[in-house]
Amino acid sequence: MAKASQGRCVSRRDFLLTGGAVVVGFSLRSSLPKFVLAQGAPSTSDLRNPLDPRQVDSFLAFRADGSVTIYTSKVDVGTGLRIAMSQMTAEELGIAVDSVSIVEGDTALVPDHGGTGGSSGIPRGAVDVRQAAATARQAILGLGAAQLKRPANELTLAGSMVRPSAGGVGISIGKLIGGRRLNLQVDGKAPLKDPATYTIVGKPLLRPDVPAKCTGKCEYVQDHTVPNMLHGRVIRPPAIGAKLVSIDESSIRGIPDVRVVRIESFLGVVAPDEWAAVCAARELKATWTEWEGLPGSDDLEHYVRESAVDHDETVASKGGDPKAAFSSAAKQLFATYAWPCQSHASLGPSCAVADVREDGATVWTASQGSYGQRAQLAKVFGMPEEKLRVIFLDGSGSYGGNGNDDVAADAFLLSREMKRPVRVQWMREDEHGWDPKGPPQVLELRGGLDAQGRIVAWDTQMWIPVTVPGNRPLLAADAAGIPQAHGQGSGAISQNGDPPYAAENVRVVAHWLKQTPLRPSNLRAPGKIANVFAVEGFVDEMAAEMGVDAVEHRLRGLSDPRAIDVINRAAQMIGWQTRPSPMPRPAQGGLLVGRGFAYMRYKQAENYVATAMEVAIELETGKVAVRRVTCAHDCGLIINPDGLRNQIEGSIAQTLSRALHEEVKFDRSRVTSVNWASYPILTFSEVPPIEVALIDRPTLPPFGAGEAATAPVAASLANAIFDATGVRLRSVPFTAARLKGALKS
Amino acid sequence: MPKYEFRVNGRAVSVNSWDPGQPLLYILRNTLGLHAAKFGCGLGQCGACTVLLEGKPVRSCVTPVQQVTGHAVTTLEGLGTPEKPDRVQAAFIAEQAAQCGYCTNGMIMATTALLHQTPHPTPGEAKHALSGNLCRCGTHTRILAAVIRAAKA
Ligand code: FES
Ligand code: FES
């Protein structure tokens, strides 16, 4: 592997300090990259430029020493975006990757080209920066042409130098433009380097943040401190909708220097000592009203199915009349699949530091969208956006929208009240109990096959929460009685509800539900894990019904060579034997072994992924052991194969966890699965070897790969369980108790 | 305020705490400015806060400062630096055995303790030693590879 550029994780802070910018507090000067400050006072029109996403200078700063800094609103949440974006930029600019540094998610420094989500970091974020770099490349060649007195088309840019292609004296990028602005609009048509000439993109370069993370030197938001800072904790009610009646401050009299902050039903404590704040939050006696507005999680599937529908929408259709085709089909299948409510369950509870002053505020956050968080905080707390600076710092993996925005609001409110900087980190029960959740999903599928097993009718009905425009409400604002939007959203949860195979008379209808029991948000690969679980489980049911091998059945319905490729690779790697499922069950107990397969194309438009796995099930207990997983993955152009593998392996392990263990439990009042004992996740003893085959398509655009590999995992696992046992599990999690029950009946 | 004296990464420290039950984790992070150990659960369930006490892995989130008096504590900072990582850290870096890295402190400290006891663990022994450490990002296979790599180093 190539050598890493080390310790970049903390470089932004170093940069801010060395750049003379003000870290704490807000000033217009701090919005300027270092090289601009070095030029003396900029004109007013310059002030706006560095943040305008149409300008090259907003994304890239060239230093006199030849180094380049990237400015981006896309953030690396442990996904390897930093190195990938640096590679793409270095490649286009003909410079070494270790002369690139990166500033992420600081609203005073970076242009807003979107938050991080939906695997957009590479295909949109890094591609934006690459286009800026390509534009800069042309400009640099032009400047070189003037200096070297040669036509630009006789020059090359490589090794940080512009030189005549035929050889001869060159001039460095640093000399040409270092410390100066290009004052150029990003040219969407600026030619990109020919992938055949890539020397940096495609290399498994090491991530710059890992050495710091392995030595305790990475500054996470959880580690950030500012002078005069207080530690805060928020006391959430024992029932979600309960109101605060009274508190008894004498209950915390023995704890030093604690202040209680109460705004209507928002109840917090702050103290200079974090442990004092923790103890006070735990011990403060408070009386709350009763509230029982939840349905309870015991019969959630039924509840979802009966919930009030906002509207119906046909989200996919291949024409025809599924109903008529179904009733005249040779074989008719019907099944209901369900997915429970799940938590992001970040390993480190959400944390933020806020410093709210009369004339502005600074918030440090690990949110995947600094600009989004800024807009929401500004609106809710009545502060002009430009007076609020939101700065991203590394955090515990968030996998979408965990508690990061809520904890920022907690810290903001406490800081505003105390007129001092306040750090709030949620406790474990806050994160499990109050992070917005991946919503429950129910799918009913009807499928008709002709005598040859071709799909002649397909009808998916899905029950999922409707998107309501506006921000997700912040817990702190609701509790404090501050008016705010009550939007609802959980990402593009209706995708991948149709089969990716040849099929006639296909229709997917979403019954958009007005509400869902717990506040929803995006959870990695929103909706698609459940939808593929249903679709690929159902396709497996069809194969079994026809007595056809599961892989063969899938290949019959495919003509796209990229799809066929991933299926063949995943099957080969696991040593797939062609035969129908299930395995005949052995006459006597013991261990049942089986294999399962699933394929999908992410959002029906992006990555191609196939997974195969082998499982062993204890007949006595119903315990599932995953023995091996293979995965073939095609995301177009590969930027960094090792970073990509890391994401795929993580996607698979995390989704095994979600499929085997995870279900948010709640009673009529509150979430009751509030720690790792009541909401268990995958442990080391359960992790199988994961083999990944990457298929590179250097001439095709890159898709994001932070979540696609999650989507077929639950389906291939359920299909393997079916193969081993003959039992079809159509709801998650596949706990031992659930499988044992199913095996008995 | 009562005073507690112990050693951290070879250095004698003396800290004050209003509560003898204050977990070591808060002392390390807030009083001593050592941020490697992380708060994950405060319940002894996840391992993010793991440090070594006399070479043995402990959950600093449930270890009262009082209990540490007179003992030697090692934190991740005490093993090596980005420029000069020790062999376990170097193995984690070489395997890129982190995503968000929030669990990494606990993984490296648990591995360090394991390799003291069992210099050449089998994959099964490695899994067992890390069974109390959770990783939400799903970095498990790389972490196991790093343990084996460190043992060979
Ligand atoms: S934070 Fe100590 S075990 Fe989780
Ligand atoms: S790497 Fe994120 S929790 Fe382990």
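Reading the values: rules and limits
- Chains are numbered independently. Their residues run from 1 in the order of the written sequence.
- All chains are assigned letters beginning with A, and all ligands numbers beginning with 1, in the order in which they are written.
- Totals for whole chains, interfaces and linings use all residues, but because this is a predicted model, local features are given only for residues with pLDDT of at least 70 and pairs of side-chain atoms are given and counted only at 80 or more.
- To obtain the side-chain values, all non-hydrogen atoms of the structure were included, while hydrogens and water were left out.
- Relative accessible area decides the class of each residue, using a 1.4 Å probe on protein chains only: under 20% of the type maximum gives buried, over 50% gives exposed, and in between gives partly exposed.
- Elements are defined by DSSP. Helices are runs of H or I of four residues or more, strands are runs of E of two residues or more, and each kind is numbered from the N terminus.
- Contacts were defined at the residue level, with two residues in contact if any of their heavy atoms lie within 4.5 Å.
- Two parts placed together each lose some accessible area under a 1.4 Å probe, and adding up what both lose gives the buried area.
- A pair is scored as a salt bridge if a Lys or Arg side-chain nitrogen falls within 4 Å of a carboxyl oxygen belonging to Asp or Glu.
- We define a polar contact as two N or O atoms separated by no more than 3.5 Å, with the added condition that, inside protein, one atom must be a possible hydrogen donor and the other a possible acceptor, whereas residues neighbouring each other in sequence contribute only through side-chain atom pairs.
- Two strands are said to pair when DSSP picks up at least two bridges between them.
- Note on definitions: angles span 0 to 180 degrees between N-to-C directions of axes, and those axes are lines fitted to C-alpha atoms, for helices only across the stretch in contact.
- Cysteine sulfur pairs qualify as disulfides if the two atoms are within 2.5 Å.
- What a helix is expected to span follows from its residue count: subtract one and scale by 1.5 Å.
- Marked domain ranges trace back to an automatic or database domain assignment.

(A) Helix H1 (residues 24-31) of chain B, seen in detail. Residues and elements named next belong to chain B. Where burial is concerned, most of H1 is hidden: six out of the eight residues are buried. Considered for burial, the residues of H1 that qualify are Leu-24, Leu-25, Tyr-26, Ile-27, Leu-28 and Arg-29. Just downstream of H1, Gly-33 is the residue with a positive phi angle, here 65°.

(B) Main features of the interface of chain B and chain A. Counting from both sides, the interface comprises 52 residues of chain B and, opposite them, 66 residues of chain A. Buried area between chain B and chain A, both sides added, is near 4800 Å², and the carbon and sulfur share of it is 59%. For the chain B face of the interface with chain A, the top three residues by lost area are Trp-18, Gln-96 and Arg-136 of chain B, together amounting to 19%. Connecting chain B to chain A are five salt bridges. Across the salt bridge formed by Arg-29 of chain B and Asp-223 of chain A, the nearest N and O atoms sit 2.9 Å from each other. Our count for the chain B to chain A interface comes out at 30 residue pairs in polar contact (both at pLDDT 80 or more).

(C) Examining the sheet that holds strand E24 (residues 690-695) of chain A more closely. All names here are of chain A. As summarised here, the arrangement of the four strands in space is E21-E22-E23-E24, forming an open sheet in which the pairing is mixed. Only two strands of the sheet have a single neighbouring strand rather than two, namely strand E21 (591-601) and E24. Taken pair by pair, the neighbouring strands of this sheet meet at an average axis angle of 10°, ignoring direction. Bridge count for strand E23 (residues 624-634) against E24 is six bridges, and the pairing is parallel. Bridge pairing in E24 links Thr-630 to Glu-691.

(D) Up close: the state of the cysteines. Inspection of the entire model under this criterion finds zero disulfides over all chains. Summary of cysteine pairing: Cys-351 of chain A is not part of a disulfide, and the nearest cysteine sulfur, belonging to Cys-218 of chain A, is at 13 Å.

(E) Representation of helix H19 (residues 641-660) of chain A within the structure. All names here are of chain A. Spanning 20 residues, H19 covers 28 Å between terminal C-alpha atoms, matching the ideal 28 Å at 1.5 Å per step. Counting buried residues in H19 gives 19 out of 20 residues, a clear majority hidden from the surface. Put simply, Asn-640 is the residue that caps the front of H19, since its side-chain oxygen is 3.0 Å from the backbone nitrogen of Asp-642.

(F) View of the sheet that holds strand E3 (residues 50-53) of chain B. Residues and elements named next belong to chain B. With mixed pairing, the five strands of this open sheet are ordered in space as E2-E1-E5-E3-E4. Edge positions in the open sheet fall to strand E2 (11-16) and strand E4 (56-59), since each of these has one partner strand only. This sheet shows a mean twist of 40° between the axes of neighbouring strands, independent of strand direction. The pairing of E3 with strand E5 (residues 72-74) spans two bridges and is classified as antiparallel. Looking at E5, one finds that Leu-53 is bridged to Val-73.

(G) Representation of the domain arrangement of chain B. Residue and element names in this part refer to chain B. One can read the domain layout of chain B as domain 1 (3-76) and domain 2 (87-152). The distance between the C-alpha centroids of domain 1 and domain 2 comes to 21 Å. Residue-level contacts link 19 residues of domain 1 with 12 residues of domain 2. Taken together, both faces of the contact between domain 1 and domain 2 bury some 1200 Å²; the carbon and sulfur share is 59%. Summed over the three residues of domain 1 that lose the most area to domain 2, namely Thr-50, Leu-52 and Leu-76, the buried surface amounts to 40% of that side. Taken together, domain 1 and domain 2 are joined by zero salt bridges.

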